Amino acid sequence: MEHWKRTIERANRCFMLGELIDAREAYLQALALAQVLFERWPDADEAVAACVISHHNLADLHLRLNQPEESAEYLCAIHQRLLQTMQDERLRMALREAALRQSSKTYVELLNFISEHGEYPRTQRLLHPDTGNARRAPATHHHGVH
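Residues numbered from 1 in each chain as written. Predicted model: local features only at pLDDT ≥ 70, side-chain atom pairs only at ≥ 80, totals over all residues. Heavy atoms only, no water.

**A closer look at the pattern of salt bridges**
This structure, assessed with the given rule, holds five salt bridges. Where glutamate 2 meets lysine 5, a salt bridge forms, and the shortest distance between an N and an O atom there is 3.8 Å. In this pair, glutamate 2 and lysine 5 are both assigned in helix H1 (residues 2–16), three residues apart and thus about one turn of the helix distant. On the basis of relative accessibility, which here comes to 47%, the residue glutamate 2 falls in the partly exposed class. The class for lysine 5 is partly exposed, based on a relative accessible area of 31%. (Salt bridge = Lys/Arg side-chain N within 4 Å of Asp/Glu carboxyl O. Helix = DSSP H or I, 4+ residues; strand = E, 2+ residues; numbered from the N terminus. Buried < 20%, exposed > 50% of the residue type's maximum accessible area, 1.4 Å probe, protein only.)

Take a look at the structure:
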C-alpha cells in the first residue's frame, strides 16, 4: 500500500505542476499496482479505493488532455470492475462489500461525466445495455485529483 501511495502522490504532484506525461506514467504505474494487489490487500476498502482513485485520476488527466473518450473508458472500466467484483462469489465477502460501497461513487462519477461531456459508446453499453439511448439528468461536478 505504501508503494501505491507514494506513486499516486508523485503522479498528483506532476498533475498539479502540469507535467501531464509524467503524471500519466505515474498514474498508470499506480493503477498497475492497484490491479495486481486488488485481491491480495488485507484491507478490502483500501484495495478498492486504490483501484477507484487510480482510474478516476487517469480519467481526470485525459479530460485535461482533451481526450474525453479515453476518460470515459477509465470511468467505465472501474465501474464495471466493481460490478463484477460484487458478483464474484469466489472473492472474499469483505472485498465484495467494499466494491458495493464504492460502486455508488463510480456510478455518480459516470453520470457527472455524461452530463458534462455526453455519452460515448462504452458509457452507453455499460449504463444502457438495452437501449443505449437513455439520457441522464445533469449534475454538477468539478474534475481534479482524487
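Anyway, onward from the coordinates.
**Focus: unusual backbone geometry**
The phi dihedral of asparagine 66 falls on the positive side, at around 60°, and the residue is not glycine. Residue position: asparagine 66 is located in the loop between helix H3 (44–64) and helix H4 (68–87). Given the relative accessible area of 68%, asparagine 66 is considered exposed.

So yeah, pure geometry; function would need other evidence.
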